[in-house]
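# Residue-level structural notes
What follows is the residue order along each chain.
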Amino acid sequence: MSAPKKKTFKIEPFKHRVEMDPKYAEKTWKLLEHAIHEIYNHNASGLSFEELYRNAYNMVLHKYGDKLYSGLVNTMTWHLKEISKSIDAAQGGLFLDELNRKWRDHNKALEMVRDILMYMDRTYVHNNQKIPVHELGLNLWRDNIIHSSNIQARLLNTLLELIYKERTGDVIDRGLMRSIIKMLMDLGPAVYQEDFEKPFLEVSANFYSVESQEFIECCDCGEYLKKAERRLNEEMERVSHYLDAKSEGKITNVVETEMIANHMQRLVYMENSGLVNMLMDDKYDDLSRMYNLFRRVPSGLTTIRDVMTSHLRETGKQLVTDPERIKDPVEFVQRLLDEKDKYDKIINLAFSNDKAFQNALNSSFEYFINLNTRSPEFISLFVDDKLRKGLKGVSEEDIEVVLDKVMMLFRYLQEKDVFEKYYKQHLAKRLLSGKTISDDAERSLIVKLKTECGYQFTSKLEGMFTDMKTSQDTMQGFYACQSIDTSDGPTLAVQVLTTGSWPTQPSATCNLPAEIMGVCEKFRTYYLGTHTGRRLSWQTNMGTADLKATFGKGQKHELNVSTYQMCVLMLFNSADRLTYREIEQSTEIPASDLKRCLQSLACVKGKNVLLKVPMSKDIGEDDTFLFNEKFTCKLYKIKIGTVVAQKETEPEKQETRQRVEEDRKPQIEAAIVRIMKSRRVLDHNNIVAEVTKQLQSRFLPNPAVIKKRIESLIEREFLERDKTDRKLYRYLA
């Protein structure tokens, strides 16, 4: 059996064509056109939007999109031309109100039209690269209203005039301004910029150019800056109220250029009120205002910084080189600290702790402190004064503050090794005379120096403290071993100093009285018996003594004197009158020390336990000295200090400088050897640069001295010159 034949189905079109009304498109468009007119005439309430949407839909479906789109353009253009006439006819202040009202109406009408023509927007517009309805409405408004020959210039002038009124103190309708400016922004960035922003910025530049010229002629610097700051704030507020946020940077730039950048030099150097006067008078508010305004313009802060640096260097130079001001070292350093505090406060309060300003301050201080070669000595003398008496009764926290300030000045010194030399001498005197106000303060400063410069810098200073502690234990051991009663004879307190740790003193000869010599020999025997391989030499120039003296009428006093003064006074136990030469022969004290010693015993009013014949301030070699029987004083204990200058004499200064130079030689040589060991071959200029870099934390080595040390190392065969290039050095292992 064969399978039944399968039937196939076929769908065919109608045999007769569906004929469309030839006037369909025209009729439908007439309906839609009427609806658009009604919408613009505020009669939209009677319209059926569903029916209108369907009509527009059908027109696009039946390929009448072109007719619909061009009809829309023509109809809207006609209405906008009518609106333009209405706006143009508005007089005075009503002009912007009318423009704003018509703009709102146009936007509402545009929304309704877009809803009706939504299908055309989605298909026809998209497929034919036409402008969407809403955007089209905005473009037509721009071309027919904003760019209308009658409205364009009038609108710009009205807006600029209102802003001018506001700048000169009048109150304007900011809400209306905001609406008009927003309209321009809605029409596209190009419209806002070309039709308003560019002319606005040009007019503003002219306004502020004229105003700044007026202000600068009649105001001082502080007043001018206040006015500039106020104008800047007003413009930023104006932007926030009714301009495009992107305009803020542009308008503030105009104000900054016209009011600050164009007058920067004149403001900074303004007579009696410029930057230098502000700095001198501590005008923190004005300085802060200048900083905040100048930071907004190119090279503004650089200008302030340069003027501040120049002024600071000039005043600092006067401070450290004025002969009157360097007479008192303590006052000299205090002035430096006051100057530093002053500028620290200015940078903190007015310049927002700006790092660049702090660096400028530091470089200025480093510059002028090192102009005076005695700065290291003066800073050490300042510390000496504070730790002897200046900080007595001051709290630990305040002592730390003073020490931190001293360390800050110390950091600026290029010759830190010179400071170390003086500091060691002054510390030795404080420790040996027991005159330091606080061991904790002394140790605290040494810790700070150690942190700053490393262990090498302070190892000897720490050794001095160790010696003082060890000496106490040694004396306790010495007296524990003495079986005989020493209450009648002299008592001895010895400080045993390690030679390397303490400042080197030439051991001056001095004949001690016999009774003192006996106790000294006992101590020597005890000490050398308990320590092997050591040698003791007496530093009589560094010692002190307490003497009990009986004057006329049995008046008794206790005299605190130096060892040299004790040796002189003890001679008068066996003689009433002695000549200078006799005293010199008996004691063998060096002449310069002896003269100072006799001056303090015979020439200081109220402490003249000796009489000098003839009576004069200076000691001569033919003078005669007598014991002053008639000496009286209200105090039982009397301290007779040695007449000595606080600062070094010129020869002493030369000697200290020479010792410093000698100490530097091995350090420079060690640095050269270290560098050459790692590099093996190096040219002269690079060696000098490397040595300077390595040693600058302690001192700035002189290139000429480095050259001499290289020559010395070549002689001792640590280095050799290259055979071909004489500027090249080789390390010899």
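Note: the structure precedes this text.
Residues numbered from 1 in each chain as written. Predicted model: local features only at pLDDT ≥ 70, side-chain atom pairs only at ≥ 80, totals over all residues. Heavy atoms only, no water.

## Section: the overall build of the protein
- Assigned secondary structure in the protein consists of 30 helices and nine strands.
- Taking 27 Å as the expected radius of gyration for a compact globule of 733 residues, we find that the protein reaches 49 Å, considerably beyond that expectation.
- Viewed in the frame of its principal axes, the protein has a C-alpha envelope of about 160 × 95 × 60 Å.
- Taken across its 733 residues, the protein has 44% of its residues classed as buried.
- About 40,400 Å² of surface is accessible on the protein, with carbon and sulfur atoms providing 50% of the total.
- The positive charge centre, built from 109 side chains, and the negative charge centre, built from 108, are 4 Å apart in the protein. (Helix = DSSP H or I, 4+ residues; strand = E, 2+ residues; numbered from the N terminus. Rg over C-alpha atoms; globule rule 2.2 N^0.38 Å. Buried < 20%, exposed > 50% of the residue type's maximum accessible area, 1.4 Å probe, protein only. Areas by Shrake-Rupley, 256 points an atom, 1.4 Å probe, with all protein chains shown as cover. Lys, Arg positive; Asp, Glu negative; His and termini not counted. Charge placed at Lys NZ, Arg CZ, Asp CG, Glu CD.)

## Describing the sheet that holds strand E4 (residues 610–613)
- Ordered in space as E3-E5-E4, the three strands form an open sheet in which the pairing is antiparallel. At either end of the open sheet lies a strand with only one pairing partner, and these are strand E3 (577–579) and E4. With strand direction ignored, the average angle separating the axes of adjacent strands in the sheet is 25 degrees.
- Pairing of E4 with strand E5 (residues 624–627) involves four bridges; the strand directions are antiparallel. In the sheet register, lysine 612 faces E5, and the bridge partner there is phenylalanine 625.
- Across the sheet, helix H26 (residues 580–587) lies against E3 and E5, angled at about 85 degrees from E3, the strand it touches most. (Pairing = 2+ DSSP bridges. Axes fitted to C-alpha atoms, helices over the stretch in contact; angles between N-to-C directions. Contact = heavy atoms within 4.5 Å.)

## Observations regarding helix H29 (residues 684–695)
- For H29, built from 12 residues, the straight-helix expectation of 16 Å at 1.5 Å per residue is met to within 8% by its first-to-last C-alpha distance of 17 Å.
- Of all the positions in H29, only His684, Ile687, Val688, Val691 and Leu695 are classed as buried. When H29 is viewed along its axis, its buried side chains cluster within an angular range of 100 degrees and face the same direction. Relative to its buried face, H29 has exposed residues pointing more than 90 degrees away, namely Asn685 and Lys693.
- For H29, the N-terminal cap is aspartate 683; the gap from its side-chain oxygen to the backbone nitrogen of asparagine 685 is 3.3 Å. (Expected span 1.5 Å × (residues − 1). Arc of directions from axis to C-beta. Polar contact = N/O pair within 3.5 Å; in protein donor to acceptor, adjacent residues only side chain to side chain.)

## Here we look at the layout of surface pockets
- Put simply, the second largest pocket is a space of about 630 Å³.
- What lines the second largest pocket is a set of 24 residues, among which Glu420, Lys460, Asp663, Gln667 and Arg698 lie closest to the centre.
- Listing elements by their share of the lining of the second largest pocket, those giving two or more residues are helix H21 (416–433), helix H22 (439–453), helix H23 (455–481), helix H28 (650–679) and H29.
- The element contributing the most residues to the lining of the second largest pocket is H21, with five residues. (1 Å grid on protein atoms, 1.4 Å probe; cavity = no way out; pocket = protein on both sides within 12 Å on 5 of 7 lines; lining within 4 Å. Points joined across faces, edges and corners; volume = space filled by probe spheres on them.)

## Brief notes about the pattern of salt bridges
- A complete count under the given rule lists 49 salt bridges for this structure.
- Across the salt bridge formed by glutamate 521 and arginine 524, the nearest N and O atoms sit 3.7 Å from each other. With glutamate 521 and arginine 524 both in helix H24 (residues 514–530), this residue pair falls three residues apart, about one helical turn.
- Accessibility expressed as a relative area gives 34% for glutamate 521, which makes it partly exposed. (Salt bridge = Lys/Arg side-chain N within 4 Å of Asp/Glu carboxyl O.)

## A word on a negative patch on the surface
- Taken together, the side chains of Glu396, Glu397, Asp398, Asp439 and Asp440 present a region of like negative charge at the surface.
- Every element with two or more residues in the negative patch is listed here: helix H20 (396–412) and H22.
- The element best represented in the negative patch is H20, accounting for three residues.
- Examined against the element boundaries, aspartate 440 turns out to sit in helix H22.
- On the basis of relative accessible area, aspartate 440 is assigned to the exposed category, the value being 56%. (Patch = residues over 30% accessible without salt bridge, like charges linked within 9 Å, V, L, I, M, F, W, Y side chains within 5 Å.)

## Notes on the pairing of E5
- Sheet topology places E3 next to E5; three bridges connect them, and they run antiparallel. Considered in E5, the bridge of leucine 578 is made with phenylalanine 625.

## Description of the sheet that holds strand E1 (residues 544–550)
- If you walk across this open sheet you meet the three strands as E1-E2-E6, and the pairing is mixed. The open sheet is flanked by E1 and strand E6 (637–639), the only strands paired with a single partner. Within this sheet the neighbouring strands show an average axis-to-axis angle of 25 degrees, counted without direction.
- When strand E2 (residues 556–562) meets E6, the two strands line up parallel, connected through three bridges.

## Some remarks on the packing of helix H16 (residues 300–321) against helix H17 (residues 329–349)
- Relative orientation of the contacting elements H16 and H17 amounts to 165 degrees, with a least axis distance of 10 Å. For the element pair H16 / H17, the angle class is roughly antiparallel. The element H16 and its partner H17 pack so that their crossing is right-handed. Of the residues in H17, those touching H16 at Met308, His311, Leu312, Thr315, Leu319 and Val320 are Phe332, Arg335, Leu336, Glu339, Tyr343 and Ile347.
- By residue class, the composition of the contact of H16 with H17 is eight nonpolar, two polar and two charged. (Parallel < 35°, antiparallel > 145°, perpendicular 65-115°, else oblique. Left-handed = near helix turned anticlockwise from the far one by under 90°. Nonpolar A, V, L, I, M, F, W, Y, C, P; charged D, E, K, R; others polar.)

## Comments concerning the pairing of E1
- Of the two faces of E1, the one holding Ala545, Leu547 and Ala549 is buried and the one holding Thr544, Asp546, Lys548 and Thr550 is not buried anywhere.
- Adjacent in sequence and paired antiparallel, E1 and E2 are bridged by five residues, among which lysine 553 carries a positive phi angle near 60 degrees.

## Here's the deal with unusual backbone geometry
- For histidine 42, which is not a glycine, the phi torsion comes out positive at approximately 65 degrees.
- Inspection of the secondary structure puts histidine 42 in the loop between helix H1 (24–40) and helix H2 (49–61).
- On the basis of relative accessible area, histidine 42 is assigned to the exposed category, the value being 57%.
- The residue aspartate 282 is not glycine, and still its phi comes out positive at about 55 degrees.

## As for the packing of aromatic side chains
- Going through the model one piece at a time under the given rule, you end up with 24 aromatic pairs.
- Considering the side-chain rings of phenylalanine 523 and tyrosine 526, the 6.4 Å spacing of their centres and the 50 degrees angle between planes classify their relative orientation as tilted. Of this pair, phenylalanine 523 and tyrosine 526 both sit in helix H24, three residues apart, which is roughly one turn of that helix.
- The exposure class of phenylalanine 523 is buried, given its relative accessible area of 1%.
- Taking the centre distance of 5.0 Å and the plane angle of 45 degrees together, the rings of phenylalanine 551 and phenylalanine 631 count as tilted. With phenylalanine 551 in the loop between E1 and E2 and phenylalanine 631 in the loop between E5 and E6, this residue pair connects regions lying 80 residues apart in the sequence. Comparing phenylalanine 551 with phenylalanine 631, the two get one shared label, buried.
- These aromatic residues form a ring-pair network of at least three members: Phe478, Tyr479, Phe523, Tyr526, Tyr527 and Trp538.
- Its guanidinium or amino end placed over the ring of phenylalanine 207, arginine 167 lies 5.4 Å from that ring's centre, counting from NZ or CZ. (Phe/Tyr/Trp six-rings, centres within 6.5 Å; stacked < 30°, edge-to-face > 60°. Lys NZ or Arg CZ within 6 Å of the ring centre and 35° of its normal.)

## Concerning the nonpolar core
- Core analysis: the biggest nonpolar cluster contains 82 residues, and Phe294, Phe351, Leu409, Tyr423 and Leu449 have the highest contact counts within it.
- Of all hydrophobic cores here, the second largest spans 65 residues; its members include Met59, Val60, Val133 and Met177. (Core = buried A, V, L, I, M, F, W, Y, C linked by side-chain atoms within 4.5 Å.)

Nothing here speaks to function; it is all geometry.
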